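In case you want the letters, here they are:
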Amino acid sequence: MVFFTEVDMPTSDRVDSRLGTDEVGGELHPEEPQQLADLKANVARRCPELIKVHRVPYEIGPASIRHKPWPKYLKDFCDQFIAATNHHVLRSLRSQEQNLGKPPELIWELTHHMALGQKHSQAFCWQQNLLGHICQRIKQNHHRAHSPLVIYGPSGCGKTALLYHLGEAIQTTLDQETVVILRLLGTSQDSSTRNSLLHSLCQQVCLAMGFPYTKPVGNPVLLFHRLLSSASCQGTRSLVLLLDSMEQLRTPRNARRAFWLPKTCPPKTHLILTVLQKESEVLQKMTGAPEDYFEMGPLSQEQVAVILSKALASAGRTLRPAQQELFLQSFAKGGYALPVALAIRQAQRWPSYAQLAAPAVSSTVSEFVHRLCDHLEAAHGPVLVAHVFGYLACARHGLSEAEQKDILSLDNEVLAEIYRLHPPPSKAILRFPPLLWAQLYQDLAQWLEDRWVDGFVLMGFAHRELADAVEQRYLSMPEERIKRHLLLADYFRGTWSWGMKKPIQLPSSNKPVSFDRKVIPQPLWFSSTLANQRKLSELPFHLLQAGLFEELQRDILGNMNWIICKVTSAGIESLTADFAMCLAQINCPELHLLQETFLLLHPLVDSTQIHGGLPCSGYFFDVLMKFNGEKSTSVLEFNLDQKLLLAGSVDGSMIIWDMEDFTVQQVLTGHSETEQRFAQRQSLKTKRPSLFRKLPG
């Protein structure tokens with residue numbers, strides 16, 4: 001929306017010192033009225049339907065905002081702004097409802113990775129020769145079955161940049177019609193867990209290859225493997241999947257990280273992975289020959305010199321020979337991509353007259369981060385910088401800008417430092433000044449990266465090495481880390497929302513004063529259908545890290561309202577992951593029992609959600625128990641396409657359910673437990689998948 005405020009005044013009186021006078025001479029520039037009129041006309045021509053005009057009487061000038069009718073104008077403006085915002089939000093929701101056949105989550109996921117792709121594609125391809133070898137290997141494997149290719153090396157060696165350039169080079173190596181799909185694992189919610197990643201990949205492959213699109217149902221690993229075969233046999237185009245940072249992928253409990261990867265890719269389909277060096281040994285034991293593994297080593301000093309020259313030329317900068325020699329001295333033994341890139345950023349800011357001494361630049365990421373923090377602390381204050389970095393490092397998935405400003409508004413140490421020399425502007429409300437955040441964020445933005453998590457765009461460190469160095473500098477003391485987690489837990493609990501005033505001891509006051517911090521409330525449900533995903537994701541983590549085990553067990557793990565909300569909105573797999581995280585530090589037999597119960601429910605609840613969209617209320621178990629009387633169900637198993645479910649009870653009855661409409665197809669009685677497991681033994685003899693699974697207990 002575009003809002004214009006027009007003051008009704010005679011043309012002869014429009015030269016007003018309050019409306020565009022020259023600050024030096026006190027007179028209006030003769031071109032300014034025409035420029036303003038041209039600007040308004042241009043805006044009106046481009047988006048006439050978005051313009052809202054407010055008129056104010058001339059008798060009350062803009063300086064008299066305390067007098068009528070300015071308060072009425074401001075109220076009308078706010079009401080109209082809220083109404084227009086609501087209209088656009090509702091229109092967007094209706095548009096989404098009309099596109100129910102399309103996967104909106106996939107669109108968000110692709111948009112996120114495309115944005116990251118544009119950022120990383122600007123980086124240099126650090127090892128052009130290695131890129132050529134990989135393309136040659138892909139071309140050799142194109143018309144035959146082959147193993148996935150793995151690029152490995154230490155953190156910060158340039159694997160991500162290489163993968164982006166590989167995506168561009170593949171279309172030249174194969175053909176322009178090749179479908180290239182890229183994921184930066186761990187940078188979004190759908191690329192952080194195995195099942196969500198596979199569902200997202202299956203959706204995109206179906207749409208890109210022209211296959212009929214249906215919501216993925218069943219075992220995602222089996223569906224993924226079948227889809228690769230279909231792409232090879234039925235697809236008219238080649239398919240290349242690029243998966244970066246395999247070590248960032250979270251897998252289900254007791255599952256190996258890469259067990260779902262195909263050992264052999266069919267012709268015309270390629271899978272290229274990047275992984276840390278220590279993880280490559282695990283992959284090599286499972287699949288692939290040595291020639292399918294490509295190591296990214298350090299750059300030589302000669303390569304660093306070439307990259308420095310290219311970077312300076314692209315930025316329109318030069319270095320004096322002495323400065324260039326000092327730069328290269330820091331990399332006499334070579335270096336990896338990230339430290340070199342950070343050092344080049346330092347060198348680009350050197351003035352030609354600067355007299356430098358060795359070491360002129362940081363040769364490691366840790367050295368660079370310490371120099372960066374020293375600069376930020378000198379510009380913005382050590383307390384503010386330490387706390388902002390601390391909260392970002394302690395957050396489970398990152399923080400949004402709004403969350404960061406709310407959290408700083410709850411931080412008494414930061415606020416006391418800000419208002420050390422003068423009292424706050426309001427006696428009732430205390431907030432972190434937004435201008436200070438804008439100034440700090442301007443210096444931080446280039447070192448942060450956006451992540452799409454829980455339906456929000458969150459800030460996180462652009463590189464793992466930056467996060468590690470920040471933790472080492474600001475969170476090495478356990479008490480500092482606990483303080484950050486305690487305040488984050490307070491924020492996501494909503495302790496100081498809804499007008500609850502938090503006390504603070506300000507230097508300008510002799511006693512603590514309570515202020516309303518005006519932070520956003522944190523209910524469990526925003527509406528009957530919209531859960532507070534940020535609270536569900538962050539609160540258990542911060543309670544655990546802060547050592548508040550009693551509150552964690554009472555309010556989270558033992559709270560049925562929380563459990564129902566978590567399962568309904570995020571799935572039972574997410575709930576069991578939270579239990580596993582907490583039980584790694586809490587020894588509680590009752591929680592272990594609950595965890596095992598949810599693990600047993602996992603296949604059934606997920607299947608009912610996928611097939612029938614039933615709420616997680618135990619409905620299906622109730623139906624089974626009513627049919628079987630008081631006898632307990634002992635065997636539950638789906639067939640291969642998961643359209644039929646067999647349930648067997650200890651009284652010998654067996655029921656075959658149709659999962660499409662939850663009707664009973666057949667009832668078999670008089671079978672013993674041994675007979676129920678007969679098919680399982682037969683399947684083991686014939687090396688076919690088991691049709692039955694015995695439930696524990």
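To keep things clear, this report deals only with the structure shown in the data block. (Residues numbered from 1 in each chain as written. Predicted model: local features only at pLDDT ≥ 70, side-chain atom pairs only at ≥ 80, totals over all residues. Heavy atoms only, no water.)

### Things to note about the overall build of the chain
Next up, step 1: Broken down by element type, the chain carries 26 helices and 15 strands.
Next up, step 2: When each of the 697 residues of the chain is scored for burial, the buried share is 44%.
Next up, step 3: Sequence separation of 24 or more characterises 66% of the internal contacts of the chain that already satisfy a separation of 6 or more. (Helix = DSSP H or I, 4+ residues; strand = E, 2+ residues; numbered from the N terminus. Buried < 20%, exposed > 50% of the residue type's maximum accessible area, 1.4 Å probe, protein only. Contact = heavy atoms within 4.5 Å.)

### Looking at the packing of helix H4 (residues 128–141) against helix H5 (residues 159–173)
Next up, step 1: Two elements in contact, H4 and H5, have axes whose closest approach is 10 Å; the angle formed by their N-to-C orientations is 45°. One way to sum up the angle between H4 and H5 is to call them oblique. For the element pair H4 and H5, the recorded crossing hand is right-handed. Contacts between H4 and H5 involve Leu130, Leu131, Ile134, Cys135, Ile138 and Lys139 on the former and, on the latter, Leu162, His165, Leu166, Ala169, Ile170 and Thr173.
Next up, step 2: Tallied by class, the residues present in the contact of H4 with H5 amount to 9 nonpolar, 2 polar and 1 charged. (Axes fitted to C-alpha atoms, helices over the stretch in contact; angles between N-to-C directions. Parallel < 35°, antiparallel > 145°, perpendicular 65-115°, else oblique. Left-handed = near helix turned anticlockwise from the far one by under 90°. Nonpolar A, V, L, I, M, F, W, Y, C, P; charged D, E, K, R; others polar.)

### Quick look at the pattern of salt bridges
Next up, step 1: Within the structure shown, the criterion is met by 20 salt bridges.
Next up, step 2: Among the salt bridges present, the one from glutamate 480 reaches lysine 483, with a minimum N-O distance of 3.7 Å. Note that glutamate 480 and lysine 483 are positioned in helix H18 (residues 478–493) at a spacing of 3 residues, about one turn of the helix.
Next up, step 3: Residue classification places glutamate 480 among the partly exposed residues on the basis of a relative accessible area of 24%.
Next up, step 4: The exposure class of lysine 483 is partly exposed, given its relative accessible area of 33%.
Next up, step 5: Note that arginine 554 and aspartate 555 form a salt bridge whose closest N and O atoms lie 3.0 Å from each other.
Next up, step 6: Look at arginine 554 and you get partly exposed, because its relative accessible area is 47%.
Next up, step 7: The class for aspartate 555 is partly exposed, based on a relative accessible area of 27%.
Next up, step 8: Linked through salt bridges whose partners overlap, the residues forming this network are Glu403, Asp454, Arg534 and Glu538. (Salt bridge = Lys/Arg side-chain N within 4 Å of Asp/Glu carboxyl O.)

### Some points on unusual backbone geometry
Next up, step 1: A positive phi is found at serine 245, a non-glycine position, where the angle reads about 65°.
Next up, step 2: Within the secondary structure, serine 245 sits in the loop between strand E5 (239–244) and strand E6 (269–276).
Next up, step 3: Exposure remark for serine 245: the relative accessible area of 9% places this residue in the buried category.
Next up, step 4: Unusually for a residue other than glycine, lysine 518 sits at a positive phi of about 55°.

### Points about helix H21 (residues 560–570)
Next up, step 1: Taken as a whole, H21 has its buried residues at Trp562, Ile563, Cys565, Lys566 and Val567.
Next up, step 2: Looking at where H21 begins, the residue whose side-chain oxygen comes 2.9 Å from the main-chain nitrogen of asparagine 561 is asparagine 559.
Next up, step 3: Directly beyond the C-terminal end of H21, a positive phi value near 95° is found at glycine 571. (Polar contact = N/O pair within 3.5 Å; in protein donor to acceptor, adjacent residues only side chain to side chain.)

### A closer look at the side chain of histidine 387
Next up, step 1: Of note, histidine 387 is situated in helix H13 (residues 382–394).
Next up, step 2: If near-sequence neighbours (up to four positions away) are discounted, histidine 387 is found in contact with Asp411, Glu413, Val414 and Arg484.

### Section: the pairing of strand E14 (residues 654–658)
Next up, step 1: A large share of E14 lies buried, amounting to 5 of its 5 residues.
Next up, step 2: By the alternation rule, side chains of E14 split into Met654, Ile656 and Asp658 and Ile655 and Trp657, which are all buried.
Next up, step 3: Relative to E14, strand E13 (residues 644–649) runs antiparallel, the two sharing 5 bridges. Opposite glycine 648, over in E14, you have methionine 654 as the bridge partner.
Next up, step 4: Between E13 and E14, which pair antiparallel in sequence order, lie 4 residues; one of them, glycine 652, sits at a positive phi of approximately 100°. (Pairing = 2+ DSSP bridges.)

### Re empty space enclosed by the protein
Next up, step 1: The full count for this structure, using the stated rule, is 3 cavities of 30 Å³ or more.
Next up, step 2: The calculated volume of the second largest cavity comes to roughly 50 Å³.
Next up, step 3: Lining the second largest cavity are Val369, Leu372, Cys373, Phe389, Trp447, Phe461, Leu466 and Val470.
Next up, step 4: Elements supplying a minimum of two residues to the lining of the second largest cavity: helix H12 (365–380) and helix H17 (464–474).
Next up, step 5: If one sorts the elements of the lining of the second largest cavity by residue count, H12 sits on top with 3 residues.
Next up, step 6: Class assignment for the residues of the lining of the second largest cavity results in 8 nonpolar, no polar and no charged. (1 Å grid on protein atoms, 1.4 Å probe; cavity = no way out; pocket = protein on both sides within 12 Å on 5 of 7 lines; lining within 4 Å. Points joined across faces, edges and corners; volume = space filled by probe spheres on them.)

### Examining the sheet that holds strand E3 (residues 149–153)
Next up, step 1: With respect to topology, 5 strands assemble into an open sheet ordered E4-E5-E6-E3-E7, the strand pairing being parallel. A single partner strand is all that each edge strand has here, and the edge strands are strand E4 (179–184) and strand E7 (293–295). Mean inter-strand twist for the sheet, computed between neighbouring axes without regard to direction, equals 15°.
Next up, step 2: When E4 meets E5, the two strands line up parallel, connected through 6 bridges. By the bridge assignment, leucine 182 is partnered in E5 with leucine 242.
Next up, step 3: Strands E5 and E6 of the sheet are contacted by helix H7 (residues 220–233), whose axis makes an angle of about 145° with E5.

### A few points about the nonpolar core
Next up, step 1: Counting 76 residues, the largest nonpolar core has Phe389, Leu399, Leu408, Phe461, Tyr474 and Leu552 as its most contacted members.
Next up, step 2: If you tally residues by element for this core, the top one is H13, at 9 residues.
Next up, step 3: When near neighbours in sequence (up to four residues on either side) are disregarded, leucine 408 contacts Leu384, Val388, Tyr391, Val414, Leu415, Phe432 and Trp437.
Next up, step 4: Grouped together as the second largest cluster of nonpolar side chains are 30 residues, Cys202, Val205, Leu227 and Val275 included. (Core = buried A, V, L, I, M, F, W, Y, C linked by side-chain atoms within 4.5 Å.)

### Points about the packing of helix H19 (residues 533–545) against helix H20 (residues 549–557)
For any two helices packed against each other, the geometry is given by the interaxial angle and the distance between the axes.
Next up, step 1: In the contact formed by H19 and H20, the axes pass within 8 Å of each other and the chain directions differ by 155°. Judged on the interaxial angle alone, H20 and H19 are roughly antiparallel. Seen from above, H19 lies across H20 with left-handed handedness. Across the interface between the two elements, Leu539, Pro540, Leu543 and Leu544 of H19 pack against Phe549, Leu552 and Ile556 of H20.
Next up, step 2: Tallied by class, the residues present in the contact of H19 with H20 amount to 7 nonpolar, no polar and no charged.

### Quick notes on the side chain of arginine 517
Next up, step 1: Checked against the element boundaries, arginine 517 lands in the loop between strand E11 (513–516) and H19.
Next up, step 2: One buried charge, arginine 517, has no salt-bridge partner; the nearest side chain with opposite charge is aspartate 516, at 7.2 Å.
Next up, step 3: If we skip the residues at most four places from it in the chain, arginine 517 touches Ser409, Leu410, Asn412, Leu415, Leu430, Arg431, Lys502, Pro503 and Ile504. (Lys, Arg positive; Asp, Glu negative; His and termini not counted.)

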